[in-house]
Amino acid sequence: MPFERIRGVTNDPTIQLMKTREPNFNNLLKILKNEKPDRPTIFEFAITGNYLKPNADPSVPECWDWFPSNPFLASAHKNLGYDFCCGMGSKFGFPTPKHEKGASVGLAHGGVVTDQKSLRSLDWKNPEDFDYTHLEKAILPDGMGMIVRSPGGVLEVLTELFGFEELCYQIADEPELIEETLEMIGTRMVKYFEICASIPQVGVLLHSDDWGFKSSTILSPSQLRELIIPWHKKIVEACHKQGKPVILHSCGKLDEVYEDIIALGYDAKHSFEDAAVQIESALERWGDRMPMLGGIDMDFLCRKSPEEIRARARKLLEMTADKGGYALGSGNSIPDYMPYENFQAMNRVALEW
Amino acid sequence: MAVHEGIFNAIIKGKRKDVGTLVQEQVNAGAKPDELLNESMIPAMREVGERFSRNEVYVPEMLIAARAMAAGLVIIEPLLTAKGIEPKGKVAIGTVKGDLHDIGKNLVVMMLKGAGYEVVDLGVDCPNEKYEEAVKNGAQVLLLSALLTTTMPAMKEVVDYLRSKGLQPKIIIGGAPVTQEYANEIGAQGYGRDANDAVKVVERVLAA
């Protein structure tokens, strides 16, 4: 999306609405307790730089460090009407393979772990060796909070290290190799969350770990329970030990493990697709026990008219107006191929409520 | 011959070594390879596909079963060729231009092979010309895969391109954002909801 197009609408009333909205992070915290926020609240965990850049205050120097403490990103989030800025806690990451650049990435093959030797020879970094002081020093606009997200998720990293098909074979053939790999991923992921959650300025954490395809979970529910969920449990416990809520972002059809997600103690679920589980259905089935964030299907947001998007957003807010436990947003994220007027149409319903 | 329970169950459970051993034993004992394939091996993969559609087995189990099936096919296929037995049909499959996702496509490949088809895997990020070449090389059905809303329009481009070249293969589409409605809209003959469904749709369009 060209910047000029967005700049051309900066006098649009929606932009003015967004800019005059006073952030209040407590609204999100109330939602995560399954309570009613003081006003409809909007949520995204990732927004394209093309939409952030024109909305940042011109006085703030442009900076593309994806940290929630980054004043440039925080300014853009505030001006778009959000109560928080979401980003990484540090530059810590896993030794996953580099994929060829393109519009998308295939994960069926291209892994780098084939055996114990290749696993151990990877350049494993430790989260405690990275800098998190920027989070402590963060000066955000009044009322805003920080959400720190993970560098991928336990299953996502495991899949990237093996390649999906090889992973499936190795789970059957070499369970000890899988166990050792998960230990190396999981201990680091837990440590990362422990560090971030212990920083007073960090308000909420988010673990991003896709578990589902369109028609089923990626691994079987029993494999998820045996291999992946125990690590999620440790991550949730690490956050809760510091009194911090933690959100699960996980894509795909997860019906069969929703009870597990609720039992894990995650404070909200993010990511929904109409082809897998519609947000409206998820709210009806599990909303009384699990706050939900976002949910308007990406394809719907990209291809429907602003009027249709407004109607759906309004219904979602009406559905949750009495009970709370819901923030309006996309089913996944705001990429630059999403028409800007559609993104605005969705958020404007909350801003004008 | 009746269904060979050992081979049938070994494929379903993904026991590839057992499948190889059992199929070889049967061949050595004089079993007809086409009967082994049609009465024990293909029904086993069909059963896996049905269980997958009912969410009773998941993608990893399907991959393991397909790998076990492949261990039997390695033994069976040369024998079928030697006897002049043809596959059920020739199909080609590829992920469309701009899209690098291949988990779904690969599953469909495995299921189609397991159903007795000759499958030409065109890979990912396929330009129109690659599909054209496959049709000219005898593919009766083309299967197009896309994971992204942004790459899905490339399916229509393939359909339009082939029609502009005067080629009329049966075209089936599938992938996360794809719907029957979209298949109708672009003039594809079928839409596969999942890998198991894709096999049924191939059978249907070839029978039409």
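Residues numbered from 1 in each chain as written. Chains lettered and ligands numbered in written order. Predicted model: local features only at pLDDT ≥ 70, side-chain atom pairs only at ≥ 80, totals over all residues. Heavy atoms only, no water.

**Focus: the side chain of Ser75(A)**
Residue and element names in this part refer to chain A. Mapped onto the secondary structure, Ser 75 falls in helix α5 (residues 71-79). On the basis of relative accessibility, which here comes to 4%, the residue Ser 75 falls in the buried class. Beyond its immediate chain neighbours, meaning those up to four positions away, Ser 75 contacts Asn 55, Ala 56, Asp 57 and Val 60. (Helix = DSSP H or I, 4+ residues; strand = E, 2+ residues; numbered from the N terminus. Buried < 20%, exposed > 50% of the residue type's maximum accessible area, 1.4 Å probe, protein only. Contact = heavy atoms within 4.5 Å.)

**With respect to the pattern of salt bridges**
A side chain of one charge can pair with a side chain of the opposite charge when the charged atoms of the two come close. All names here are of chain A. This structure, assessed with the given rule, holds 28 salt bridges over all chains. For Arg 120, the salt bridge identified is with Glu 180, shortest N-O distance 2.7 Å. Separated by 60 residues along the polypeptide, Arg 120 in helix α6 (residues 116-120) and Glu 180 in helix α10 (residues 175-197) bring together distant segments of the chain. For Arg 120, a relative accessible area of 51% corresponds to the exposed category. For the salt bridge of Asp 299 with Arg 303, the shortest nitrogen-to-oxygen distance reads 3.1 Å. (Salt bridge = Lys/Arg side-chain N within 4 Å of Asp/Glu carboxyl O.)

**A short note on the domain arrangement of chain B**
Residues and elements named next belong to chain B. In terms of domain boundaries, chain B breaks down into domain 1 (5-82) and domain 2 (90-207). Between the C-alpha centres of domain 1 and domain 2 the distance comes to 25 Å. Seen at the junction of domain 1 and domain 2, the total is one salt bridge. For the salt bridge of Lys 200 with Glu 50, the shortest nitrogen-to-oxygen distance reads 3.0 Å. (Domains from an automatic or database assignment.)

**What about the interface of chain B and chain A?**
Each partner contributes residues to the interface: chain B has 26 residues there, and chain A has 30 residues. Interface area, chain B with chain A, both sides summed: about 2300 Å², of which 60% is carbon and sulfur. On the chain B side of the interface with chain A, the three residues burying the most area are Tyr58(B), Leu100(B) and Ile103(B), jointly 25% of the side's total. For the interface between chain B and chain A, the tally reads two salt bridges. The salt bridge partner of Arg16(B) is Asp173(A), with a shortest N-O separation of 3.7 Å. (Buried area = accessible area lost by both parts, 1.4 Å probe.)

**Observations regarding the nonpolar core**
Core analysis: the biggest nonpolar cluster contains 170 residues, and Phe43(A), Trp211(A), Ile228(A), Met292(A), Leu328(A) and Leu143(B) have the highest contact counts within it. Domain assignment of the residues forming this core places at least three in each of domain 1 (5-82) and domain 2 (90-207) of chain B. Residue contacts for Phe43(A): discarding those within four places in its chain leaves Leu28(A), Tyr82(A), Phe84(A), Ile147(A), Leu206(A), Ile247(A), His270(A), Leu293(A), Ala327(A), Leu328(A), Gly329(A) and Ser330(A). In terms of nonpolar packing, the next biggest core, distinct from the first, is built from 27 residues, Val158(B), Val159(B), Tyr161(B) and Ala183(B) among them. (Core = buried A, V, L, I, M, F, W, Y, C linked by side-chain atoms within 4.5 Å.)

**Focus: helix α16 (residues 340-351) of chain A**
Residue and element names in this part refer to chain A. Along its twelve residues, α16 runs 16 Å from first to last C-alpha, staying within 8% of the 16 Å computed at 1.5 Å per residue. Most of α16 sits out of view: ten of its twelve residues are buried. Where α16 is concerned, the buried positions are Tyr 340, Asn 342, Phe 343, Gln 344, Ala 345, Met 346, Asn 347, Val 349, Ala 350 and Leu 351. (Expected span 1.5 Å × (residues − 1).)

**Overview of the sheet that holds strand β4 (residues 170-174) of chain B**
All names here are of chain B. With parallel pairing, five strands are arranged side by side in an open sheet as β2-β1-β3-β4-β5. The open sheet is flanked by β2 (118-126) and β5 (190-191), the only strands paired with a single partner. Of the strand pairs in this sheet, β4 and β5 are connected by two bridges, and their pairing is parallel. Residue pairing for β5: Ile 172 is matched across the bridge by Gly 190. Strands β1 (90-96), β2 and β3 (141-145) of the sheet are contacted by helix α5 (residues 103-114), whose axis makes an angle of about 175° with β2. Contacting β1, β2 and β3, helix α6 (residues 128-136) crosses the sheet at an angle of about 170° to β2. (Pairing = 2+ DSSP bridges. Axes fitted to C-alpha atoms, helices over the stretch in contact; angles between N-to-C directions.)

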